Amino acid sequence: MQGPEQGTERHGTAPESVPVVNYPGFARAFARMSNSEPGRQTFERLRRQTAGRARGVTLEVGAGGGPNFAYYDPALVERVEATEPDANMLRYAREQAAQARVPVTLTQAPAEALPFADETFDTAVVTLVFCSVVDPARSMRELARTLKPGGRLLMAEHVRSEHAAISAVQSALAPITRRAAANCHWNRDTASVVRQSGLTEISVTRLRYPSAWYSALEDGLLPILLIEARKPGG
Ligand SMILES: C[S@@+](CC[C@H](N)C(=O)[O-])C[C@H]1O[C@@H](n2cnc3c(N)ncnc32)[C@H](O)[C@@H]1O
């Protein structure tokens, strides 16, 4: 299998219009949590349903501290191009990339400006990222652009509740969560962003969690969706 050396790194150049993402405190806390044993257990199903089902040449955007890397199956995935805009997160992602079972190349880049040619990837993996991107529609256009015809999007995101009272609370809290958690919005309708992207065969299902404390959140303020879609053609 041909591919870049495991753990190699590229540096993308973000255009002027894309803000720099730089949250050292959040990066340290979230990367450590997501790579810890409780973090692994909490998010295991989410990661198996996304990274664990990737095929071929795979893009991962907003890779964070790299907790998805362990889930890429070498029998199915040729290589992973992982992007992450925050240099603080990349430090942690590098450690996970070195232990992955597939070649992982890291590039510092935001989802809004992916430094890859059109129609490069068989699969795009996105987990817990569209709550934080600056421009969800533009980021989704980039994902669609870089997928090959027939390529597949595997995404898991916490989203706006379908219950009006809960979504009103989410919107009221959004200014606080944005400030406290690196631009994280609790009230984004990410499934609609996918529906407007030109991708087809869209499937949206609720993700359930084993732990009781998380179940309380997912039924309330943090419902999580597994969103799958395919690029037409291929
Ligand atoms: C909650 S963390 C999730 C990290 C990882 N995907 C995971 O599942 O653990 C959100 C990630 O999105 C990244 N992010 C924020 N803004 C972004 C943007 N504009 N483009 C791509 N990633 C972004 C953050 O740096 C962070 O790594």
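As a reminder, the structure under discussion sits directly above these lines.
Conventions we followed
Residues numbered from 1 in each chain as written. Predicted model: local features only at pLDDT ≥ 70, side-chain atom pairs only at ≥ 80, totals over all residues. Heavy atoms only, no water. Near = heavy atom within 4 Å. Polar contact = N/O pair within 3.5 Å; in protein donor to acceptor, adjacent residues only side chain to side chain. Areas by Shrake-Rupley, 256 points an atom, 1.4 Å probe, with all protein chains shown as cover. Nonpolar A, V, L, I, M, F, W, Y, C, P; charged D, E, K, R; others polar. Salt bridge = Lys/Arg side-chain N within 4 Å of Asp/Glu carboxyl O. Buried < 20%, exposed > 50% of the residue type's maximum accessible area, 1.4 Å probe, protein only. Helix = DSSP H or I, 4+ residues; strand = E, 2+ residues; numbered from the N terminus. Contact = heavy atoms within 4.5 Å. Pairing = 2+ DSSP bridges. Expected span 1.5 Å × (residues − 1). Bend = angle between axes of the 7 residues up to and from the residue.

## Structural notes on the site of the ligand
- Taken together, the neighbourhood of the ligand is formed by 21 residues, with Gly62, Glu84, Ala111, Glu112 and Thr127 sitting nearest.
- Interatomic distance of 2.6 Å between a side-chain N/O atom of Glu84 and an oxygen atom of the ligand.
- Here a nitrogen atom of the ligand and a backbone polar atom of Ala111 are 2.8 Å apart.
- When the free accessible area of the ligand is taken as 590 Å², the share hidden by the protein chains comes to 96%.
- Taken together, the residues of the shell around the ligand sort by class into 13 nonpolar, four polar and four charged.

## Here's the deal with the pattern of salt bridges
- Overall, the coordinates contain nine salt bridges when judged by the stated rule.
- Arg79 is the partner of Glu81 in a salt bridge, and the nearest nitrogen-oxygen pair spans 2.8 Å. The exposure classification of Glu81 matches that of Arg79, with both residues buried.
- Salt-bridge contacts for Lys148 lead to Asp122; the nearest nitrogen and oxygen are separated by 3.1 Å. On the criterion of sequence distance, the pair formed by Lys148 in strand β6 (residues 147-158) and Asp122 in strand β5 (residues 121-127) is long-range, its members being 26 residues apart.
- Here Lys148 falls in the partly exposed class, since its relative accessible area comes to 28%.
- Where salt bridges share partners, they join Arg53, Arg152 and Glu228 into one cluster.

## Looking at the side chain of Asn88
- Turning to its location among the elements, Asn88 is positioned in helix α3 (residues 87-99).
- Polar side-chain contacts of Asn88 include one of 2.7 Å to the side chain of Asn22.
- Within the structure, the side chain of Asn88 is placed 2.6 Å from the side chain of Asp86, a separation counted as a polar contact.
- Contact partners of Asn88, with chain neighbours within four places excluded, come to Asn22, Tyr23, Pro24 and Ala27.

## Digging into unusual backbone geometry
- Look at Glu119: it is not a glycine, yet its phi comes out positive at around 55°.
- Among the structural elements, Glu119 can be located in the loop between β4 (104-108) and β5.
- At Asn183, a position not held by glycine, the phi torsion is positive, near 70°.
- Tracing the backbone through its elements, the reader meets Asn183 in the loop between α5 (164-180) and α6 (190-195).

## A look at the pairing of strand β8 (residues 224-230)
- The buried fraction of β8 amounts to six of the seven residues, a majority that puts the element mostly inside the structure.
- Bridge count for β6 against β8 is seven bridges, and the pairing is antiparallel. The residue bridging Ala156 from the neighbouring strand is Leu226, located in β8.
- Note that strand β7 (residues 200-206) and β8 share five bridges and pair antiparallel. Residue pairing for β8: Val204 is matched across the bridge by Ile227.

## Brief notes about the side chain of Thr146
- Mapping Thr146 onto the fold places it in helix α4 (residues 136-146).
- A polar contact is formed between the side chain of Thr146 and the backbone oxygen of Leu143, at a distance of 3.3 Å.
- Excluding residues that lie within four positions of it along the chain, Thr146 makes contacts with Leu59, Leu114, Phe116, Ala117, Asp118, Glu119, Thr120 and Phe121.

## Structural notes on helix α2 (residues 37-49)
- Taking 1.5 Å per residue, 13 residues should reach 18 Å; α2 reaches 18 Å between its end C-alpha atoms and fits that length.
- The largest bend in α2 amounts to roughly 55° and is located at Phe43.
- For α2, the full list of buried residues reads Gly39, Thr42, Phe43, Leu46 and Arg47.
- Its side-chain oxygen placed 3.2 Å from the backbone nitrogen of Gly39, Ser36 serves as the N-cap of α2.

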